[in-house]
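The residues making up each chain are set out below.
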Amino acid sequence: MKETTGLITNWDEDSRKGIISGDDGGTYPFTLEEWKDEDPPGIDGAVLVICENGRDASQIEYLGIEHIPFLKVSALREDGHVEVVSHSRLLGGPWRMRSDALVWMQIASDLFSSNPHSDITDLSELLRREHPLMSLHGSVIKYCYGLAIELYFKWVLTEAKIDYPTHGHDLSRLLRKLPCTVRAHLTDMYSDHIQQHSPHFKMMEAHKDGVEELDLDWSSFDDFIENLDAQKFVIGRYAAPSEYSIFQSRSARMSREMNSYMASNDFFVLADKILAHKPNPRDYEPERMGGNLQEL
């Protein structure tokens, strides 16, 4: 069994037969017997195709508007040149991903502001009992923050119709897959923010003997994202106790990154700017991003 999406390229009302051009490159003939939607088939309709035997269409229905983020209208001039008349975001599209990103960041910000990190003095409590404040700052707040950035990147990639791995949570890898124009805009935004506001992205690390500030390079947007990865903002939520320690050690296996935490509000000021950016639909154009944009 397989599923694919596509467009209805031919539909004959008299014979009640049609053809779908699949996004996977295949062609799928169909009849009303396979059509499962309440509305009748129509040419250029975006559809979901289910092939129970892996080859032939067995169930077909329209895609919901959340799967159709853009409308692109082109016109053919007399000289044969294709001219884009309009290119705009529709009411649909993957807005849920962006909405979730904003809420996860809001949760991180609220938890950060309502739980003073200055009360963290050392992690010796974890040798005897729980340490809720450390768990909030070193785990939950970081995870909410990192997940918000991850969902934002995946929202952009989904809009741009760029595949990304469904397993793994490497922010740097997602950043490299962003359309060139979007990545350049975020990079410039970060540089302007650094020059205008001189933020202090203060990361602290606690261990059984006290707390100290980490010396990290925040000079570029790539560095910023790499630091989130290195300090386990996302992947840390999957860690087992054998993978981290409250003791300072030279061991590469016994990681201490889960004991690090954000200690300045500048992280959230920047995050609000990042998540507020809505790329122009033209930023996903093939000639501007070096990829492929499917017209709907």
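Residues numbered from 1 in each chain as written. Predicted model: local features only at pLDDT ≥ 70, side-chain atom pairs only at ≥ 80, totals over all residues. Heavy atoms only, no water.

(A) Local environment of the pairing of strand β8 (residues 203–207). The element β8 is extensively covered by neighbouring structure, given that five of its five residues are classed as buried. Here β8 shows a buried face lined by M203, E205 and H207 and a second buried face lined by M204 and A206. Pairing between β8 and strand β10 (residues 260–262): three bridges, direction antiparallel. Considered in β10, the bridge of E205 is made with S260. Remark: two residues form the turn of the hairpin made by β8 and strand β9 (residues 210–213), two consecutive strands paired antiparallel. (Buried < 20%, exposed > 50% of the residue type's maximum accessible area, 1.4 Å probe, protein only. Helix = DSSP H or I, 4+ residues; strand = E, 2+ residues; numbered from the N terminus. Pairing = 2+ DSSP bridges.)

(B) Highlighting the pairing of β9. With four bridges joining them, β8 and β9 adopt antiparallel strand pairing. Considered in β9, the bridge of A206 is made with V211.

(C) Structural context of helix α1 (residues 95–114). With 20 residues, α1 extends 29 Å from end C-alpha to end C-alpha; this agrees with the ideal 28 Å at 1.5 Å per step. All buried positions along α1 are accounted for by M97, R98, A101, M105, A108 and F112. In an axial view of α1, the angular spread of the buried residues amounts to 100°, which keeps them on one side of the axis. Those residues of α1 that are exposed and angled more than 90 degrees off the buried face are R96, S113 and S114. (Expected span 1.5 Å × (residues − 1). Arc of directions from axis to C-beta.)

(D) The sheet that holds β10, seen in detail. Strand order in the open sheet formed by three strands is β9-β8-β10, with antiparallel pairing between adjacent strands. The two strands at the open ends of the sheet, each matched to only one other strand, are β9 and β10. For this sheet, the mean angle separating the axes of adjacent strands, direction not counted, is 30°. Against the sheet, helix α2 (residues 132–159) touches β8 and β10, its axis set at about 65° to β10. (Axes fitted to C-alpha atoms, helices over the stretch in contact; angles between N-to-C directions. Contact = heavy atoms within 4.5 Å.)

(E) Structural context of helix α4 (residues 180–197). If you check α4, its first and last C-alpha atoms are 26 Å apart, about what 18 residues at 1.5 Å a residue would give, namely 26 Å. For α4, the full list of buried residues reads T181, V182, L186, M189, Y190 and H193. At the exit of α4 stands S198, carrying a positive phi of roughly 45°.

(F) Structural context of the pattern of salt bridges. In total, this model carries seven salt bridges according to the counting rule given. For D222, the salt bridge is made with R183, and the minimal N-O distance between the two is 2.8 Å. With a gap of 39 residues between them, D222 in helix α5 (residues 221–230) and R183 in helix α4 connect regions that are remote in the sequence. On the basis of relative accessible area, R183 is assigned to the partly exposed category, the value being 23%. (Salt bridge = Lys/Arg side-chain N within 4 Å of Asp/Glu carboxyl O.)

(G) Inspection of the nonpolar core at higher detail. Y145, F153 and F224 are the most contacted members of the largest nonpolar core, which has 45 residues in total. Counting residues per element, this core draws most heavily on α2, which supplies 12 residues. Leaving out residues up to four positions away in the same chain, F224 has contacts with Y145, Y190, F201, W218, F267 and L270. (Core = buried A, V, L, I, M, F, W, Y, C linked by side-chain atoms within 4.5 Å.)

(H) Focus on the sheet that holds strand β2 (residues 17–22). Spatial strand order, β3-β2-β1-β4-β5: five strands in an open sheet with antiparallel pairing. Lying at the two open borders of the sheet, with one neighbouring strand each, are β3 (27–31) and β5 (59–62). Recorded for the sheet is a direction-independent mean angle of 40° between the axes of neighbouring strands.

(I) Structural detail: the environment of E33. In this structure, E33 sits in the loop between β3 and β4 (46–51). Residues E33 and I60, spaced 27 residues apart in sequence, show a C-alpha to C-alpha distance of 9.4 Å.

(J) Up close: a nonpolar patch on the surface. On the surface, a nonpolar cluster with roughly 230 Å² of combined accessible area is contributed by V103, W104 and I107. On the secondary structure map, I107 appears in helix α1. (Patch = residues over 30% accessible without salt bridge, like charges linked within 9 Å, V, L, I, M, F, W, Y side chains within 5 Å. Areas by Shrake-Rupley, 256 points an atom, 1.4 Å probe, with all protein chains shown as cover.)

(K) Representation of the confidence of the model for the chain within the structure. In this model, the chain carries an average pLDDT of 86, and 82% of its residues clear a pLDDT of 70 or more. A low-confidence stretch, residues 287–296 (pLDDT under 50), is modelled with 28 contacts involving residues beyond four sequence positions or located in other chains. (pLDDT = per-residue confidence, 0-100.)

(L) Quick look at the packing of aromatic side chains. Summed over the entire model, instances satisfying the criterion amount to 20 aromatic pairs. Ring centres of Y145 and F267 lie 6.3 Å apart, and the angle between their planes is 85°; this geometry places the pair in the edge-to-face category. With Y145 in helix α2 and F267 in helix α6 (residues 266–276), this residue pair connects regions lying 122 residues apart in the sequence. Relative accessible area serves as the criterion here: at 0%, F267 is assigned to the buried category. A centroid spacing of 6.4 Å and a plane angle of 40° characterise the contact between F224 and F267, whose relative ring orientation is tilted. In this pair, F224 is assigned in helix α5 and F267 in helix α6, connecting sequence segments 43 residues apart. A relative accessible area of 0% places F224 in the buried class. Each member of the aromatic cluster is reached from another via a ring pair, and the members are F112, Y145, Y190, F201, W218, F221, F224, F233, F267 and F268. Taking NZ or CZ as reference, R98 lies 5.1 Å from the ring centre of W155, over its face. (Phe/Tyr/Trp six-rings, centres within 6.5 Å; stacked < 30°, edge-to-face > 60°. Lys NZ or Arg CZ within 6 Å of the ring centre and 35° of its normal.)

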